[in-house]
Amino acid sequence: MGDIIFKGIKVEEIDLTNKLQGQKKLDIEQRANFNVKYTNDNKHCAATLIIDMMEKEEPMDFNFKIAVVGFMDIEGTMDKKEIHKLAYHELFPHVRALVMTILVNAGLPPIAIPKVQMDDSNIRIGGNNAPQTGGLYS
């Protein structure tokens, strides 16, 4: 059995459009994508969480996208599905806090993104095709 050690995050992308006029109740549609890439030796990984949300009726007036990468070390040997779950649980609170902070500072309500239940049925592990020395692969 092993564990993952959280090393830090990097925001790769932030995109916000807020052209809403006056006070309005928001009906938010949200999509999320989560991917983990590993080094060849499986001792490190980079987990990317992308959150994309928009107002259902006026998506051109309000939309928000953020892509955050979390870097982690992997201690011991673990199944990649288990690493995937642990990485998500480590990264999610940081992304949730970032989203709320950005939106509140932009004059919007603090929208708390929902946490996805990670289980084996919604995790797909890709192949080890074309890894490069020292690089990351899915």
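The sections below set out a description of the structure shown in this document.

Procedures and definitions
The residue numbering used here restarts from 1 in each chain and proceeds along that chain's sequence as written. Local features are withheld for residues below a pLDDT of 70 in this predicted model, meaning they are given only at 70 or higher, and side-chain atom pairs are given and counted only at 80 or more; totals for whole chains, interfaces and linings count all residues. Side-chain descriptors were evaluated using all non-hydrogen atoms of the structure, hydrogens and water having been removed beforehand. Pairing of aromatic side chains here covers Phe, Tyr and the six-membered ring of Trp, requires ring centres within 6.5 Å, and sorts the geometry by plane angle: under 30 degrees stacked, over 60 edge-to-face, intermediate tilted. Each helix is a run of DSSP H or I of at least 4 residues and each strand a run of E of at least 2, with the numbering of both proceeding from the N terminus. To sort residues, take the accessible area from a 1.4 Å probe on protein chains only and compare it with the maximum for the residue type: under 20% means buried, over 50% means exposed, and anything in between is partly exposed. Between Lys or Arg on one side and Asp or Glu on the other, a salt bridge is scored when a side-chain nitrogen of the former is within 4 Å of a carboxyl oxygen of the latter.

1. As for the packing of aromatic side chains
A full pass over the atoms with the stated rule returns 2 aromatic pairs. When the centroid spacing of 5.2 Å and the interplanar angle of 80° are considered together, the rings of F34 and Y88 count as edge-to-face. Residue F34 is located in strand β2 (residues 28–39), and its partner Y88 is located in helix α1 (residues 80–105); the two are separated by 54 residues in the primary sequence. Take F34 and Y88: they sit in the same class, and that class is buried. Residues Y88 and F92 carry aromatic rings whose centres are separated by 5.6 Å and whose planes lie at 35° to one another, so their mutual orientation is tilted. Residue Y88 and its partner F92 are both found in helix α1; the two are separated by 4 residues, about one turn of the helix.

2. Some words on the pattern of salt bridges
A pair can form between side chains of opposite charge whenever their charged atoms are brought close. For the coordinates displayed, the defined rule picks out 6 salt bridges. Between D73 and K7 there is a salt bridge, and its shortest N-O distance comes to 3.6 Å. With a gap of 66 residues between them, D73 in strand β4 (residues 62–75) and K7 in strand β1 (residues 3–18) connect regions that are remote in the sequence. Residue K65 is joined to E13 by a salt bridge in which the shortest nitrogen-to-oxygen separation is 3.8 Å. Here E13 lies in strand β1 and K65 lies in strand β4, a separation of 52 residues in the sequence. A relative accessible area of 27% means that K65 is categorised as partly exposed. Given the relative accessible area of 33%, E13 is considered partly exposed.

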